[in-house]
Amino acid sequence: MQAVAGIRRGLTIDPAGEEEAPAERFGRLVRESPVVIFARRGCYMAHVMKSLLAAVGAHATVIELEGAAEELAAAEAGGQNAAVPALFVGGAPVGGLEGLMGLHLSGRLVPRLREVGALCV
């Protein structure tokens, strides 16, 4: 864990006030939020994913990853062959932009978002 001017990196504090590793934090975020995107800062694919979700009325929690350790933890949360950007809906991995587009084009995105309580409309 590194400390830079009061900013702690590598480990975070969970709601119970205890430190947690990135993998544990990502697992908690996926369980607590209906729609989560893990991505590198400035990732255009994550921007497109966020825009598509907003267009259908859902607002995703976007987590910008810092460093290789957090990218690895996010990919592991997504399971086999996961990469970033990684989308989770209702705690289940959807994949990247291709997975989101597949859900949308098949007509299954809005019902899935409605099922997990992620639609704002």
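This text goes with the structure placed above it.
So, here's what we can say about the structure. Everything quoted here is computed from the prediction, not taken from an experiment.

**Section: the nonpolar core**
Judged by nonpolar contacts, the single largest core of 20 residues is most densely connected at Val35, Ile37, Leu53, Leu87, Leu100, Leu109 and Leu113. For this core, the secondary-structure elements that each account for two or more residues are β5 (35–40), α2 (44–55), β7 (86–89), α4 (97–105) and α5 (109–115). Among the elements that line this core, the one with the most residues is α2, at four residues. Not counting residues within four places of it along the chain, the set of residues in contact with Leu87 comprises Val35, Val36, Ile37, Met49, Leu53, Ala92, Pro93, Val94, Gly95 and Leu100. In terms of nonpolar packing, the next biggest core, distinct from the first, is built from 12 residues, Phe26, Ala73, Val84 and Phe88 among them.

**Focus on the pairing of strand β8 (residues 92–95)**
Bridging between β7 and β8 involves three bridges; their strand directions are antiparallel. For Val89, the partnering residue across the bridge sits in β8 and is Ala92. The antiparallel pairing of β7 with β8 creates a hairpin that spans two residues between the two strands, and Gly90 there sits at a positive phi of about 60°.

**What about the pattern of salt bridges?**
Here the idea is simple: oppositely charged side chains can pair when their charged atoms come close. Tallied over the entire structure, the rule returns three salt bridges. One salt bridge in this structure joins Arg28 and Glu32, with 3.3 Å as the shortest N-O distance. With Arg28 and Glu32 both in helix α1 (residues 22–32), this residue pair falls four residues apart, about one helical turn. Look at Arg28 and you get buried, because its relative accessible area is 14%. A salt bridge links Arg112 to Glu115; its shortest N-O distance comes to 2.7 Å. A residue pair is termed a helical-turn pair when its members lie 3 or 4 positions apart in one helix, as Arg112 and Glu115 do in helix α5 at three residues.

Conventions and cut-offs
Residues numbered from 1 in each chain as written. Predicted model: local features only at pLDDT ≥ 70, side-chain atom pairs only at ≥ 80, totals over all residues. Heavy atoms only, no water. Core = buried A, V, L, I, M, F, W, Y, C linked by side-chain atoms within 4.5 Å. Buried < 20%, exposed > 50% of the residue type's maximum accessible area, 1.4 Å probe, protein only. Helix = DSSP H or I, 4+ residues; strand = E, 2+ residues; numbered from the N terminus. Contact = heavy atoms within 4.5 Å. Pairing = 2+ DSSP bridges. Salt bridge = Lys/Arg side-chain N within 4 Å of Asp/Glu carboxyl O.

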